[in-house]
Amino acid sequence: MRTIKDLAIPQNTDPKFPFGTILNETDIAKGTPVVEEIYGDVLTNIYKLLQTVGITPTATQDSDTSQYQILQALQNLPNKLNDIEQILTLTGTVWSVPLAIELLPNKYFFVARAAENYAAGGIYTFKGSGDTVYNFSSAGFKASDEVLVIIDTSGVRAYSLSFLETISDEIFTVMGLPIAFNDSNKMFYQSEGNLVSDTPSINYLEAIIRVDISDGTVIVNDIIISNGFVICFCFIPGTNTYFFRQFTLTDLSVSQAVIMVGSSFSNTSDFSPYIYASQGVIYITNAMNTTTNDYYLSKWIYAPTTANLTYSMEIDIDGAFIKTSNAVVKNNLLYTMVAGVLKSFNLNTGASITLGNYASIVGNLFGYNGNVYFGSGDVARKWSL
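Below or above, wherever it landed, is the structure these notes cover. (Residues numbered from 1 in each chain as written. Predicted model: local features only at pLDDT ≥ 70, side-chain atom pairs only at ≥ 80, totals over all residues. Heavy atoms only, no water.)

## A short note on the overall build of the protein chain
For step 1, the next point in the chain: When its secondary structure is counted, the protein chain shows five helices and 28 strands.
For step 2, the next point in the chain: Against the 2.2 N^0.38 benchmark of 21 Å for 385 residues, the protein chain shows a C-alpha radius of gyration of 30 Å, more extended than a compact globule.
For step 3, the next point in the chain: Within the span of the protein chain, comprising 385 residues, buried residues form 41% of the whole.
For step 4, the next point in the chain: Of the contacts formed within the protein chain by residues at least 6 apart in sequence, a portion of 45% connects residues at least 24 apart.
For step 5, the next point in the chain: Put simply, the protein chain shows about 20,200 Å² of open surface, and 55% of that area lies on carbon and sulfur atoms.
For step 6, the next point in the chain: Charge separation in the protein chain, taken as the distance between the mean sites of 20 positive and 34 negative side-chain charges, equals 3 Å. (Helix = DSSP H or I, 4+ residues; strand = E, 2+ residues; numbered from the N terminus. Rg over C-alpha atoms; globule rule 2.2 N^0.38 Å. Buried < 20%, exposed > 50% of the residue type's maximum accessible area, 1.4 Å probe, protein only. Contact = heavy atoms within 4.5 Å. Areas by Shrake-Rupley, 256 points an atom, 1.4 Å probe, with all protein chains shown as cover. Lys, Arg positive; Asp, Glu negative; His and termini not counted. Charge placed at Lys NZ, Arg CZ, Asp CG, Glu CD.)

Okay, here's the thing in structure tokens:
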């Protein structure tokens, strides 16, 4: 846009007007002329504003008895800052959005789509496209959640709108048994190596993996969903081979090998290992298929974007542990329900506690969207474990 300061014409050059301003004509001095170079950009911007919001100039004078078309246009004009969903990304410990936050007023807010999970207990900062940095905190959100972000100079706060939409003590599981660990906000089920949802939808993951690795004998033993990825625990019976493949939730048509770093499965025998999961962690029984002892668990750290599982440690839990798919992990405790007996196993110390005997109750434990549920029939109730 052109400014008066850029033109070689009479003008008011007072420093308090950084772009110059109009100078009145007097008997002894010329004033600023009425020319296109001065007023053209102002008028064409006003006309474009009206056109952008679909307002046709009435060709009548604006007043209290007619209308104020520029005011109406401003009221209808969309705001590209908080009327459009931004992308909230994570680099190291810094959350960021492509906005010049230093230009925004304190307590400004907008809606964003999270690109990564928020890990509770981490120390984070927040920045925009400039150098301004604030502290950042949240009660928690997951990758792909819609998030309300409040830019407070004393600390940026983020709230998951997706979590607020789905939080409930009771959910319906009408398509069958939910997968054991699912940190997304969409309900999924496993059925004979297929991933099923309430949408309804079905994705033939086992068949896709068989094609991807050129082996028609592959069996998908278990499926979990973590960090926006679907992880399949696979088995080849003829060679006692166990391995993992993953899919992105946004593309369930092609699988990717998950590389295991630091250890590997034994294929000398088949001891039928089970897997359990928590946020970013996978536990495998029978010490990677090396022993008949179910209570030797291998802990692995999951990095979805690089498709890696990195070995962490072996955990020797109470020998009374009975391997079961009716189990869930929360707060470093592995909960199992076998023959109605609810137990917890500490994944640090290995100690177990019997929490109750519910022999007359039939149902299943599973983790969904950050909570633990107990399902019976087609209804599940949130449990405070």
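From this point, things continue past the structure.
## Quick word on the sheet that holds strand 4 (residues 124–127)
For step 1, the next point in the chain: With respect to topology, seven strands assemble into a closed barrel ordered 1-2-4-5-7-6-3, the strand pairing being mixed. Direction aside, the axes of adjacent strands within the sheet are offset by 35 degrees on average.
For step 2, the next point in the chain: Where strand 1 (residues 86–91) meets strand 2 (residues 94–96), three bridges bridge the pair, whose relative direction is antiparallel. What sits directly across from T91, in strand 2, is V94. (Pairing = 2+ DSSP bridges. Axes fitted to C-alpha atoms, helices over the stretch in contact; angles between N-to-C directions.)

## Examining the packing of helix 1 (residues 36–52) against helix 2 (residues 69–76)
For step 1, the next point in the chain: Running from amino to carboxyl end, helix 1 crosses helix 2 at an angle of 55 degrees, the nearest separation of the two axes being 9 Å. By the criterion of interaxial angle, the relationship of helix 1 to helix 2 is oblique. Of the two elements, helix 1 crosses helix 2, and the hand of that crossing is left-handed. Each of I46, L49 and L50 in helix 1 lies in contact with helix 2, whose residues at this interface are Q69, I70, A73 and L74.
For step 2, the next point in the chain: Its residues placed into classes, the contact of helix 1 with helix 2 shows six nonpolar, one polar and no charged. (Parallel < 35°, antiparallel > 145°, perpendicular 65-115°, else oblique. Left-handed = near helix turned anticlockwise from the far one by under 90°. Nonpolar A, V, L, I, M, F, W, Y, C, P; charged D, E, K, R; others polar.)

## Remarks on the pairing of strand 24 (residues 341–346)
For step 1, the next point in the chain: Where strand 23 (residues 333–338) lies against strand 24, six bridges are found, and the strand directions are antiparallel. Counted as the bridge partner of V338 is V341 from strand 24.
For step 2, the next point in the chain: The loop that links strand 23 with its antiparallel partner strand 24 comprises two residues; one of these, A339, has a positive phi angle of about 55 degrees.
For step 3, the next point in the chain: Direction of pairing for strand 24 relative to strand 25 (residues 352–357): antiparallel, over a ladder of five bridges. Pairing of V341 across the sheet is with N357, part of strand 25.

## Regarding the nonpolar core
For step 1, the next point in the chain: In terms of nonpolar packing, the biggest core is built from 21 residues, with L88, F110, F126, F136, F141 and V149 touching the most fellow members.
For step 2, the next point in the chain: Among the elements of the structure, strand 3 (108–114), strand 4, strand 5 (133–138), strand 6 (146–151) and strand 7 (156–160) are those that each provide at least two residues to this core.
For step 3, the next point in the chain: If you tally residues by element for this core, the top one is strand 3, at four residues.
For step 4, the next point in the chain: With sequence-adjacent residues up to four places away left out, F141 is seen in contact with L88, W95, A114, E116, N117, Y118, F136, V147, A158 and S160. (Core = buried A, V, L, I, M, F, W, Y, C linked by side-chain atoms within 4.5 Å.)

## Here we look at helix 1
For step 1, the next point in the chain: With 17 residues, helix 1 should cover 24 Å at 1.5 Å per step; its first-to-last C-alpha distance of 23 Å lies within 8% of that length.
For step 2, the next point in the chain: Immediately downstream of helix 1, the backbone of G54 shows phi near 80 degrees, a positive value. (Expected span 1.5 Å × (residues − 1).)

## Quick notes on the environment of I322
For step 1, the next point in the chain: Positionally, I322 belongs in the loop between strand 21 (308–316) and strand 22 (327–330).
For step 2, the next point in the chain: With 269 residues separating them along the chain, I322 and V53 place their C-alpha atoms 66 Å apart.

## A closer look at the sheet that holds strand 22
In sheet architecture, strand pairing relies on hydrogen bonds along the backbone and comes in two forms, parallel and antiparallel.
For step 1, the next point in the chain: Strands sit in the order 22-23-24-25 across an open sheet of four strands; the sheet is antiparallel. Of all the strands in the sheet, the pair left with one neighbour each is strand 22 and strand 25. Averaged over all adjacent pairs, the angle separating strand axes in this sheet is 20 degrees, with direction ignored.

## Considering the state of the cysteines
For step 1, the next point in the chain: This model, assessed by the stated rule, comprises zero disulfides.
For step 2, the next point in the chain: Between C232, a free cysteine, and C234, which holds the nearest cysteine sulfur, the sulfur-to-sulfur gap is 5.4 Å.
For step 3, the next point in the chain: Overall, C232 belongs to the buried group, its relative accessible area being 0%. (Disulfide = S-S within 2.5 Å.)

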